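# Residue-level structural notes
Here is how the chains run, residue by residue.
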Amino acid sequence: MKPIRKAVFPVAGFGTRFLPATKAMSKELLPIVDKPLIQYAAEEAIAAGIDTLIFVTGRNKRAIEDHFDSNQELEAALRSKGKHEQAQMVRNILPDGVECIFVRQPEQLGLGHAVLCAERAVGDEPFAVLLADDFLTYDGAGVTADLVKGYHASGRTQLAVMEVSGPDISKYGVVQLGDVAGSVAGLVEKPPFEKAPSNLASIGRYVLTPDIFEILRGQPPGSGGEIQLADAINTQAAAGRVEAVTLNGQRFDCGSVKGFLQGILHVAERDGLI
């Protein structure tokens, strides 16, 4: 069984709910206190043993590449003012041995299409997918580490899931549970509340087997007229190749203003800042 060394970060979205703040800046660079969302997600992947970070970007997303690149001018300026701790922090955004790859998604055709754009960089290997605007706090090494552990135990695609009560379940991909504990028989993208197969919602963390690419290439548009990753995973699930891992922590939907503010308050309280 091949180890999971690569993670894909789809970051090509416009972030329209945060305009005008995101007119020239990616929403994934919005800070939770003093660290951008994308860095939290990258650190979670690295904690799971991943050493290759693949960012699927779009136009006006150069700032993400700049964030993870070195900035010798800034480091020198900080050191000249005696701010050596800050200079080291800037220098060590990523640990040694971690590589960043940037792939362009030429047109926003859905999450499934964004993942498909990373196929050449991923190759014939299992890989993780992290949606940075799903900000997760957790116990242990992290949600992605839990998914990697699940994959190494079974060789199947792994979904992070959480319980969602009431009509809000229709905002998510919803899991249809299989007969065996932890198995997934299907995944339905944003079903009406009354037709949801369970109260378990798939959230923005996945470990996928490489056959997902072949499925995505033949995947017709789904919800919203886009190529949905959930539909491709549903195909895998129908063949008995998907498992669910329950979120061990809290999730904040930082794709929304309310969730973003809740995430900031949570971290500020956790760290004793307020």
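The rules behind these values
- Residues numbered from 1 in each chain as written.
- Predicted model: local features only at pLDDT ≥ 70, side-chain atom pairs only at ≥ 80, totals over all residues.
- Heavy atoms only, no water.
- Core = buried A, V, L, I, M, F, W, Y, C linked by side-chain atoms within 4.5 Å.
- Buried < 20%, exposed > 50% of the residue type's maximum accessible area, 1.4 Å probe, protein only.
- Helix = DSSP H or I, 4+ residues; strand = E, 2+ residues; numbered from the N terminus.
- Contact = heavy atoms within 4.5 Å.
- Salt bridge = Lys/Arg side-chain N within 4 Å of Asp/Glu carboxyl O.
- Axes fitted to C-alpha atoms, helices over the stretch in contact; angles between N-to-C directions.
- Parallel < 35°, antiparallel > 145°, perpendicular 65-115°, else oblique.
- Left-handed = near helix turned anticlockwise from the far one by under 90°.
- Nonpolar A, V, L, I, M, F, W, Y, C, P; charged D, E, K, R; others polar.
- Expected span 1.5 Å × (residues − 1).
- Phe/Tyr/Trp six-rings, centres within 6.5 Å; stacked < 30°, edge-to-face > 60°.
- Lys NZ or Arg CZ within 6 Å of the ring centre and 35° of its normal.
- Patch = residues over 30% accessible without salt bridge, like charges linked within 9 Å, V, L, I, M, F, W, Y side chains within 5 Å.
- Areas by Shrake-Rupley, 256 points an atom, 1.4 Å probe, with all protein chains shown as cover.

## Considerations on the nonpolar core
The biggest cluster of nonpolar side chains holds 38 residues, and the ones touching the most others in it are Phe 9, Ile 38, Leu 53, Phe 55 and Phe 68. When contributions to this core are tallied by element, the ones reaching two or more residues are strand 1 (6-10), helix 1 (37-47), strand 4 (52-57), helix 2 (62-68), strand 6 (127-130), helix 7 (143-154), strand 8 (157-163) and strand 11 (200-208). When residues of this core are assigned to their parent elements, the largest contribution, five residues, is made by helix 7. Contact partners of Ile 38, with chain neighbours within four places excluded, come to Phe 9, Val 11, Glu 28, Leu 29, Phe 55, Phe 68 and Ala 132. Among the nonpolar cores identified, the runner-up in size contains 32 residues, and Ile 54, Leu 159, Phe 213 and Val 242 belong to it.

## Observations concerning the pattern of salt bridges
Going through the model one piece at a time under the given rule, you end up with 14 salt bridges. The partner of Glu 65 in a salt bridge is Arg 62, and the shortest N-O contact between them spans 3.8 Å. Remark: Arg 62 and Glu 65 occur in helix 2; sequence separation between them is three residues, near one turn of the helix. For Glu 65, a relative accessible area of 31% gives the class partly exposed. Using a relative accessible area of 55% as the deciding quantity, one classes Arg 62 as exposed. Residues joined by salt bridges that share partners form a network here, namely Arg 62, Glu 65 and Asp 66.

## Re the packing of helix 3 (residues 72-80) against helix 4 (residues 84-91)
Where helix 3 meets helix 4, the axes come as close as 8 Å, and the angle between the chain directions of the two elements is 165°. It follows from the interaxial angle that helix 3 and helix 4 lie roughly antiparallel. Crossing hand, helix 3 versus helix 4: left-handed. Note on element contacts: helix 4 touches helix 3 through His 84, Gln 86, Ala 87, Gln 88, Val 90 and Arg 91, opposite Leu 74, Glu 75, Leu 78 and Arg 79. The class makeup of the residues in the contact of helix 3 with helix 4 is four nonpolar, three polar and three charged.

## Considerations on the environment of Leu 247
For Leu 247, the position within the fold is in the loop between strand 12 (242-246) and strand 13 (249-253). Residue classification places Leu 247 among the buried residues on the basis of a relative accessible area of 14%. For the pair formed by Leu 247 and Asp 69, sequence separation is 178 residues and the distance between their alpha carbons is 31 Å. Those residues in contact with Leu 247 that sit more than four places away from it in its chain are Leu 136, Val 143, Val 161, Met 162 and Ile 203.

## Notes on helix 7
Over its twelve residues, helix 7 runs 17 Å from end to end, which matches the ideal 16 Å to within 8%, given 1.5 Å per residue. Buried residues along helix 7 sit against helix 1, strand 6, strand 7 (134-138), strand 8, strand 11 and strand 12. One or two residues past the end of helix 7 sits Gly 155, with phi positive at roughly 80°.

## Topic: the packing of aromatic side chains
Tallied over the entire structure, the rule returns seven aromatic pairs. One aromatic cluster is present, built from ring pairs that chain together Phe 9, Phe 55, Phe 68 and Phe 102. Directly above the ring of Tyr 40 sits Lys 35, whose terminal nitrogen or CZ lies 4.9 Å from the centroid.

## Topic: unusual backbone geometry
What you tend to see is this: most non-glycine residues have negative phi, and most peptide bonds are trans. A cis amide bond links Leu 19 to the next residue, Pro 20, at an omega of 5°. Relative to the assigned elements, Pro 20 resides in the loop between strand 1 and strand 2 (31-32). For Val 33, which is not a glycine, the phi torsion comes out positive at approximately 65°. Following the sequence through the fold, Val 33 ends up in the loop between strand 2 and strand 3 (35-36). With relative accessibility at 35%, the residue Val 33 sits in the partly exposed group. For Lys 190, which is not glycine, the phi dihedral falls at a positive 50°.

## Some points on a nonpolar patch on the surface
A cluster of nonpolar side chains, Val 33, Leu 265, Leu 273 and Ile 274, forms an exposed patch at the surface whose accessible area comes to about 390 Å². The residue Ile 274 is located in the segment after helix 10 (257-270) in this model.

That is the geometry; function is a separate question.
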